[in-house]
Number of protein chains: 2
Amino acid sequence: MPTPEQMEAAVHAYVAAFDAGDAEQAVAIFAPDAVIEDPIGTAPKVGEAAIREFYQASMATGAKLVLDGAIRIAAAHAAFPMRVMLQWDGQDTTIHVIDTFAFDENGKVKEMKAYFGPGNMIAG
Amino acid sequence: MPTPEQMEAAVHAYVAAFDAGDAEQAVAIFAPDAVIEDPIGTAPKVGEAAIREFYQASMATGAKLVLDGAIRIAAAHAAFPMRVMLQWDGQDTTIHVIDTFAFDENGKVKEMKAYFGPGNMIAG
């Protein structure tokens with residue numbers, strides 16, 4: 001079971017990966033068979049190749065993540081609020097997002113879900 | 001499928017239930033067979049009787065909820081950051097929590113998970 005410090009470090013590594021625009025840094029926090037649902041309710045991306053493709057596309061928008069409150073840690077889970085700043089249809093856009101991470105016994109993220117919808121997107 | 005407005009209203013009703021100290025108001029947002037995992041990683045509370053007992057005990061601490069950022073809405077899901085203010089061991093305590101709600105087709109919460117741990121609890 002990962003420690004709270006390991007789980008917080010994974011969240012910060014995820015934010016840093018977007019800062020660097022380096023999809024491999026994001027892929028590195030996930031287990032090889034991880035499942036991503038982003039946003040929740042859409043078709044899951046399953047496994048390393050799908051996850052890599054997803055982050056390459058996400059980072060191509062120039063998206064940066066800004067943590068916007070405490071990282072919540074419980075058992076082998078983390079949840080965190082953030083603002084995602086990106087270009088959307090050629091316009092600066094902020095999306096208020098909450099991500100949840102479920103970790104495996106090796107401290108890798110085995111399940112990620114992102115919560116946001118149209119009402120969470122604002123210009124600027 | 002509930003509308004975003006219905007899901008936001010459920011979150012506000014949940015906060016208002018704690019303000020009123022009225023467990024029945026909290027129970028009312030849940031489906032009869034709902035499952036609560038609070039905090040995530042602990043034994044689930046399943047069904048109306050267990051949920052009622054849980055909120056009666058929670059509200060007996062005097063806990064109040066203060067939303068601390070946008071309610072994220074995606075498909076039939078909501079996630080929201082908050083501060084929970086309560087008495088813990090006789091001391092004013094704030095806990096930074098993120099809750100997730102999954103809704104059924106009638107707009108009732110069928111699954112609730114709360115994310116927080118010892119590192120999210122601060123005096124004051």
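Above this text you will find the structure in question.
Attention in this report is confined to the structure presented alongside it. (Residues numbered from 1 in each chain as written. Chains lettered and ligands numbered in written order. Predicted model: local features only at pLDDT ≥ 70, side-chain atom pairs only at ≥ 80, totals over all residues. Heavy atoms only, no water.)

## Concerning the overall build of chain A
The criterion, for reference: Each helix is a run of H or I in the DSSP string that is no shorter than four residues. Each strand is a run of E no shorter than two, and both are numbered from the N terminus. C-alpha atoms define the radius of gyration in this analysis, and the globule rule sets the expected value at 2.2 Å times the number of residues to the power 0.38. For every residue, the accessible area obtained with a 1.4 Å probe (protein chains only) is divided by the maximum for its type, and the residue is called buried under 20%, exposed over 50%, and partly exposed between those limits. A contact between two residues is defined here by any heavy atoms of the two lying within 4.5 Å. In these tables, accessible area is a Shrake-Rupley quantity obtained with a 1.4 Å probe, and a residue counts as shielded only by the protein chains included in the view.
Scanning chain A from N- to C-terminus turns up three helices and eight strands. When the elements of chain A are put in sequence order from the N terminus, they spell out α-α-β-β-α-β-β-β-β-β-β. What you see for chain A is a C-alpha radius of gyration of 14 Å, in line with the 14 Å of a compact globule of 124 residues. Its C-alpha atoms give chain A principal-axis dimensions of about 40 × 30 × 30 Å. Split into buried and exposed, the 124 residues of chain A put 48% on the buried side. For chain A, the share of sequence-separated contacts (at least 6 apart) that also reach a separation of at least 24 residues comes to 49%. For chain A, the accessible surface area stands at approximately 5,500 Å², while carbon and sulfur atoms represent 55% of it.

## Some details on the relation of the copies chain B and chain A
Note the following rule: In this comparison the copies share one frame, found by least squares on the C-alpha atoms of residues holding pLDDT of at least 70 in both.
It takes a turn of 180 degrees to lay chain B on chain A, together with a shift of 0.0 Å along the axis; the resulting RMSD is 0.0 Å. Expressed as an axis order, the relation between the two copies is that of a two-fold axis. Nearest to the rotation axis, the C-alpha of Pro81(B) is located 3.5 Å from it, this being the minimum over chain B. In this assembly the copies share their binding face: 100% of the residues contributing to the interface of chain B also contribute to that of chain A.

## Structural notes on the side chain of His96(B)
You can see His96(B) is positioned in strand 6 (residues 91–103). The contact partners of His96(B), leaving out residues within four places of it in the chain, are Ala70(A), Arg72(A), Asp68(B), Met82(B), Arg83(B), Tyr115(B), Phe116(B), Asn120(B) and Ile122(B).

## Notes on the interface of chain B and chain A
Applied cut-off: Summed over both partners, the accessible surface that disappears when two parts come together, traced with a 1.4 Å probe, is what is meant by buried area. Salt bridge, as used here, is a side-chain nitrogen of Lys or Arg placed within 4 Å of a carboxyl oxygen of Asp or Glu. Any N or O atom pair separated by 3.5 Å or less is treated as a polar contact, with the protein-specific requirement of one donor-capable and one acceptor-capable atom, and with residues adjacent in sequence counted only for side-chain atom pairs.
With 23 residues of chain B in contact, the opposing surface of chain A contributes 23 residues. A buried area of about 1,700 Å², summed over both sides, lies between chain B and chain A, and 65% of it is on carbon and sulfur atoms. Considering only the side of chain B, the residues that lose the most area to chain A are Arg72(B), Ile98(B) and Tyr115(B), jointly responsible for 37% of the buried surface there. Here chain B and chain A share zero salt bridges between them. At the surface where chain B touches chain A, the tally comes to twelve residue pairs in polar contact (both at pLDDT 80 or more).

## What to know about helix 1 (residues 4–20) of chain A
Residue and element names in this part refer to chain A. Test applied: To estimate how far a helix should reach, multiply one less than its number of residues by 1.5 Å. The arc under discussion is defined with respect to the helix axis, by the directions toward the C-beta atoms.
For helix 1, spanning 17 residues, the distance from its first C-alpha to its last is 24 Å, which sits close to the expected 24 Å at 1.5 Å a residue. Where helix 1 is concerned, the buried positions are Met7, Ala10, Val11, Tyr14, Val15, Ala17 and Phe18. One side of helix 1 holds all its buried residues, which, seen down the axis, span an arc of 155 degrees. Following helix 1 by one or two positions, Gly21 adopts a phi angle in the positive range, close to 65 degrees.

## With respect to the pattern of salt bridges
Residues and elements named next belong to chain B. Within the structure shown, the criterion is met by eight salt bridges over all chains. The partner of Arg52 in a salt bridge is Glu24, and the shortest N-O contact between them spans 2.6 Å. Of this pair, Arg52 sits in helix 3 (residues 48–60) while Glu24 is found in helix 2 (residues 23–27), placing the two residues 28 residues apart along the sequence. Exposure remark for Arg52: the relative accessible area of 23% places this residue in the partly exposed category. Overall, Glu24 belongs to the partly exposed group, its relative accessible area being 38%. A salt bridge links Arg52 to Glu48; the shortest N-O distance between them is 2.9 Å. Remark: Glu48 and Arg52 occur in helix 3; sequence separation between them is four residues, near one turn of the helix. What makes Glu48 partly exposed here is its relative accessible area of 37%.

## Section: unusual backbone geometry
The omega torsion across Asp38(A) and Pro39(A) is -5 degrees, close enough to zero to call that bond cis. Its location among the elements puts Pro39(A) in the loop between strand 1 (30–37) and strand 2 (45–46). One non-glycine residue, Ala75(A), lies in positive phi territory at about 50 degrees. Looking at where Ala75(A) falls in the secondary structure, it is placed in the loop between strand 4 (72–74) and strand 5 (77–88). Positive phi values are uncommon outside glycine, yet Asp89(B) reaches one of about 55 degrees. When you line up the elements, Asp89(B) lands in the loop between strand 5 (77–88) and strand 6. Taking the relative accessible area as the measure of exposure, Asp89(B) reaches 77% and is therefore exposed.

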